[in-house]
Amino acid sequence: MIPFNKPFLTGNETKYIEQAVASGKISGNGMFTKKCQHFFESKFGIKKALLTTSCTDALEMCALLLDVTSEDEIIIPSYTFVSTANAFALRGAKIVFADASKHHPNIDASKIEALITKQTKAIVVVHYAGVSCDMDAIMSIAKKHDIYVVEDAAQAIDSYYKGRPLGSIGHLATFSFHETKNIISGEGGLLAINDERFIERSEIIWEKGTNRSAFFRGEIDKYGWVDLGSSFLPSEVIAAFLWAQLENLDSIQNKRKQLWNAYNKALKVLAQAGHFKLPQIEEHASNNAHLFYIICKTNQERQALIEFLKSKDIKAVFHYLSLHKSSYYTDKHDGRALEMTDYYADHLLRLPLFYELELNDIDYIVSQIQSFYEN
Ligand SMILES: *Cc1c(COP(=O)(O)O)cnc(C)c1O
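Residues numbered from 1 in each chain as written. Predicted model: local features only at pLDDT ≥ 70, side-chain atom pairs only at ≥ 80, totals over all residues. Heavy atoms only, no water.

So, the domain arrangement of the protein chain
Put simply, an interface is often sized by how much accessible area is lost when its parts join up. Splitting the protein chain by domain gives domain 1 (13-246) and domain 2 (249-374). Look at where the C-alpha atoms of domain 1 and domain 2 centre, and you get two points 26 Å apart. Taken together, the 45 residues of domain 1 in the interface contact 32 residues of domain 2. The three residues of domain 1 that bury the most area against domain 2 are Tyr79, Phe97 and Asn182, which together make up 21% of that side's buried surface. Our enumeration of links across domain 1 and domain 2 arrives at zero salt bridges. Inspection of the region where domain 1 meets domain 2 yields 27 residue pairs in polar contact (both at pLDDT 80 or more). Going through the elements one at a time, helix H2 (31-44), helix H4 (82-89), strand S3 (94-98), strand S6 (160-161) and helix H8 (236-246) are the ones with two or more residues in the side of domain 1 that touches domain 2. When residues in the side of domain 1 that touches domain 2 are grouped by element, the largest group, five residues, is from S3. (Domains from an automatic or database assignment. Contact = heavy atoms within 4.5 Å. Buried area = accessible area lost by both parts, 1.4 Å probe. Salt bridge = Lys/Arg side-chain N within 4 Å of Asp/Glu carboxyl O. Polar contact = N/O pair within 3.5 Å; in protein donor to acceptor, adjacent residues only side chain to side chain. Helix = DSSP H or I, 4+ residues; strand = E, 2+ residues; numbered from the N terminus.)

Here you go:
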């Protein structure tokens, strides 16, 4: 069976974990945490990076940092993972779901402004498949209306908008190291703070509402409870694992891009024959090969293809179900139809893509897709 995903180990994970354990400090914010955070700050131009236990937690930190309350509205794409919206719903905010664009599952930037009201506090954008949203348009709308932008860059490590690293553009941004992402630590995430006004409070929220980080730096002589917060930092064991991955970022990205390009090239003939659509990457965006998908003509055809591939020992999957139609949110949604969101939810199919996949696996997968469409 060719699985949909297989977590890749670089080989140094357990070595670094042993080092972390031997150092005698295995709680958070130790040497490996600092190495990982510094990596993001220096490579991606992020003002302050904080490791978190997940991207979900980093998004919850964003909601706390922005003082989101039940008075606020947050604009969020409906075509995304639950956490993007749940983090803000947890603080009681009204989620105003935005539609995807015609050419890409990303948020349609041209339709955001119509959703802004006096209550709007932030726009959360998701760089789907690691491909950038239209950040100039989004940042200028936010500036005009004096609201914040959070980038959910869970899928977008080492990807760029007009040459600028994703996660360095919005006021705040979040990354994921879940085992399905390009760079992994099992579970794990990172909060990126690009607006300096949030730096001091972010460390307090990260450290359970205490000013312990400032205490450890020797800036104050005792620490205590100064704000809201929670237990958002991962242990050094997780950070050590993550460091082994980050050290190999370039080779991981190169291999994934090679596989992505092989799919894209081999499937072109079938796409040109009109059987399905291939991913479109706009001029402004780079591709970090987070995932490879095709867009089927109908929902029935997608289901038939999934079953056909399964019979050939290939696991292909779809996602996301439209959040505005989810059982939790459907009666809270304002009733607007989000056509493109439903379109991607019903038609998009993801093919296996992981580091250890080989080019001949791709040949096999493509030949099976071919035989599906030939019959
Ligand atoms: C994976 C993912 C998340 C959640 O990440 P975790 O680290 O598992 O919390 C959030 N948003 C998007 C867009 C994702 O792809």
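Having seen the model, we can carry on.
Quick look at the packing of aromatic side chains
One pass over the full model with this rule turns up 24 aromatic pairs. Summarising the aromatic geometry, the rings of phenylalanine 39 and phenylalanine 44 are spaced 6.3 Å apart at their centres and angled 80 degrees between planes, so their arrangement reads as edge-to-face. Phenylalanine 39 gets classed as buried once you look at its relative accessible area, which sits at 16%. What links up through ring pairs into an aromatic cluster is the set Phe39, Phe40, Phe44, Phe175, Phe177 and Trp243. Looking at lysine 255, its charged tip hangs above the ring of tyrosine 355, at a distance of 5.1 Å from the centre. A cation over an aromatic ring shows up here: lysine 332 above the ring of tyrosine 328, its NZ or CZ 3.8 Å from the ring centre. (Phe/Tyr/Trp six-rings, centres within 6.5 Å; stacked < 30°, edge-to-face > 60°. Buried < 20%, exposed > 50% of the residue type's maximum accessible area, 1.4 Å probe, protein only. Lys NZ or Arg CZ within 6 Å of the ring centre and 35° of its normal.)

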